Amino acid sequence: MTTVARHANNIIALAQQADDLIEQLRPVLEKIEAAEIALHREAVISQIAISGDLAGRRRLAWYAHGRVFKPQFSKTVSDVANAAWRGVA
């Protein structure tokens, strides 16, 4: 039988794993946001029309964040990005 102490130690270890994943995820989300800003800024400078109506063309990092907590976000982040930017890249 698992003891209370063993459960507590398990929770502490899992919490550390969560912290580690968060530390890995934050810079990736920041890079996605920076790339979106740069892309849209360059499109304006180059006078290239980029519609923001297609899912994934704006706020993809927020979709990734939401996908962590909302199982209804069933598409992978890469699937959404590919659908949004295929043909442009």
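Here, every reference points to the structure presented above.
Description of the structure in this document. (Residues numbered from 1 in each chain as written. Predicted model: local features only at pLDDT ≥ 70, side-chain atom pairs only at ≥ 80, totals over all residues. Heavy atoms only, no water.)

### Remarks on unusual backbone geometry
Positive phi, close to 55°, is recorded for Q47, a residue that is not glycine. By the element assignment, Q47 lies in the loop between α1 (4-45) and α2 (60-69). Located in the positive-phi region is R59, a residue other than glycine, with phi close to 60°. Structurally, R59 can be placed in the loop between α1 and α2. (Helix = DSSP H or I, 4+ residues; strand = E, 2+ residues; numbered from the N terminus.)

### Re the side chain of H40
Locating H40 in the fold gives a position in helix α1. Accessibility expressed as a relative area gives 10% for H40, which makes it buried. Ignoring any residue separated from it by four or fewer positions in sequence, one finds H40 in contact with I50, R57, R58 and W85. (Buried < 20%, exposed > 50% of the residue type's maximum accessible area, 1.4 Å probe, protein only. Contact = heavy atoms within 4.5 Å.)

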